[in-house]
Amino acid sequence: MSEVKLAVQTRTEFGKGAARRIRRDSKVPGVLYGHGSQPLHLTLPGHELLLALRTPNVLISLDIDGKSNELAIPKAVQRDPLKGFLEHVDLQLVKRGEKVTVEIPVHTEGELAPGGNLLEHVLAALPVEAEATHIPESVTVSVEGLAAGASIHAKDIVLPAGSTLAVDEDAVVLQVLAAQAEEAPEGAAEGEEAAEA
């Protein structure tokens, strides 16, 4: 798992006006919390943070005011719904060796059995517990040859070393649905009969 270093500053101004000023400077307001400590309000570099967040559950090494270093993982990211830029980020403080619960994306490979079946992602992300500095980026599941009615449960997924499930092992993660035949709209058959008469 990659570790990204960011130089951040503590902030003392709060509210919408202060947040707008921070964003105007291409930075992002954020909060660091965890381990029973007081929440620490931060200003983070916008572009570097955006690049870091492309990796799910990225481990971020925070250089706070050039005085202290802390490790954190993103817990909540708010984006502008129209433009997509970062508005705010919540970071959770972690320590090396500590176990954390995160959700990792589930990717699939292979082709379903013939017949136009559909694959439903019941869980788009799989909750797992892993050591904070070894969080897996994702898991890949083979759906090769699965037919309608088949499902893959959490216990069927091979997790990366050091990770354990943080969800019921019988939870359905993926299931294959039968393709639904299109029904002729009502009234079409009646119209055809009238045309024949």
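Up top you'll find the structure we're talking about.
None of these values were measured; they are calculated from a predicted model. (Residues numbered from 1 in each chain as written. Predicted model: local features only at pLDDT ≥ 70, side-chain atom pairs only at ≥ 80, totals over all residues. Heavy atoms only, no water.)

Caption draft 1: Broad picture of the overall build of the protein. Along the protein, the regular secondary structure elements total three helices and 13 strands. Over its C-alpha atoms the protein spans a radius of gyration of 24 Å, topping by over 25% the 16 Å that the globule rule assigns to 197 residues. The C-alpha extent of the protein, read off along each of the three principal axes, is 85 × 40 × 25 Å. The buried share of the protein, reckoned over its 197 residues, is 33%. Counted over contacts in the protein with a minimum sequence separation of 6, partners at least 24 positions apart contribute 62%. On the protein, roughly 11800 Å² of surface is accessible, and the fraction owed to carbon and sulfur atoms is 50%. When the 17 basic and 30 acidic side-chain charges of the protein are each reduced to a single mean position, those positions are 21 Å apart. (Helix = DSSP H or I, 4+ residues; strand = E, 2+ residues; numbered from the N terminus. Rg over C-alpha atoms; globule rule 2.2 N^0.38 Å. Buried < 20%, exposed > 50% of the residue type's maximum accessible area, 1.4 Å probe, protein only. Contact = heavy atoms within 4.5 Å. Areas by Shrake-Rupley, 256 points an atom, 1.4 Å probe, with all protein chains shown as cover. Lys, Arg positive; Asp, Glu negative; His and termini not counted. Charge placed at Lys NZ, Arg CZ, Asp CG, Glu CD.)

Caption draft 2: Region of interest: the pairing of strand E13 (residues 172-177). Pairing geometry for strand E8 (residues 118-121) and E13, over four bridges, is antiparallel. Within E13, the residue paired with Leu119 across the bridge is Val176. Summarising the sheet, strand E11 (residues 151-153) and E13 pair through three bridges and their orientation is antiparallel. Counterpart to Ile152 in the pairing with E13 is Leu174. (Pairing = 2+ DSSP bridges.)

Caption draft 3: Spotlight on the sheet that holds strand E4 (residues 59-64). What the six strands build is a closed barrel, ordered E1-E3-E2-E6-E5-E4; its pairing is mixed. Within this sheet the neighbouring strands show an average axis-to-axis angle of 45°, counted without direction. Across seven bridges, the pairing between strand E2 (residues 27-34) and strand E3 (residues 37-45) is antiparallel. Across the sheet, the residue bridging to Val28 is Leu44, located in E3. Strands in contact with helix H1 (residues 16-24) are E2, E3 and strand E6 (86-94); relative to E2, the strand with the most contacts, it is inclined by about 120°. (Axes fitted to C-alpha atoms, helices over the stretch in contact; angles between N-to-C directions.)

Caption draft 4: Spotlight on the pattern of salt bridges. Under the criterion given, the structure shown has one salt bridge. For Lys155, the salt bridge is made with Asp170, and the minimal N-O distance between the two is 2.9 Å. With a gap of 15 residues between them, Lys155 in the loop between E11 and strand E12 (164-165) and Asp170 in the loop between E12 and E13 connect regions that are remote in the sequence. Take Lys155: its relative accessible area is 47%, and that puts it in the partly exposed class. The partly exposed category is assigned to Asp170, whose relative accessible area is 40%. (Salt bridge = Lys/Arg side-chain N within 4 Å of Asp/Glu carboxyl O.)

Caption draft 5: How the structure looks around H1. Along H1, the residues classified as buried are Ala18, Ala19 and Ile22. Taken end-on, H1 shows its buried residues confined to a sector of 100°, consistent with a single buried face. Exposed side chains of H1 directed beyond 90 degrees from the buried face belong to Lys16 and Arg24. Looking at the buried side of H1, the elements it contacts are E2 and E3. (Arc of directions from axis to C-beta.)

Caption draft 6: Structural context of the side chain of Asp80. Along the chain, the position of Asp80 falls in the loop between strand E5 (68-79) and E6. Judged by relative accessible area, which is 16%, Asp80 ranks as buried. In this structure the side chain of Asp80 is engaged in a polar contact, spanning 2.9 Å, whose partner is the backbone nitrogen of Leu82. (Polar contact = N/O pair within 3.5 Å; in protein donor to acceptor, adjacent residues only side chain to side chain.)

Caption draft 7: The arrangement of the sheet that holds E11 in detail. If you walk across this open sheet you meet the three strands as E8-E13-E11, and the pairing is antiparallel. Only two strands of the sheet have a single partner each, and these edge strands are E8 and E11. Between one strand and the next, the sheet's axes are offset by a mean angle of 10°, whatever the strand orientation.

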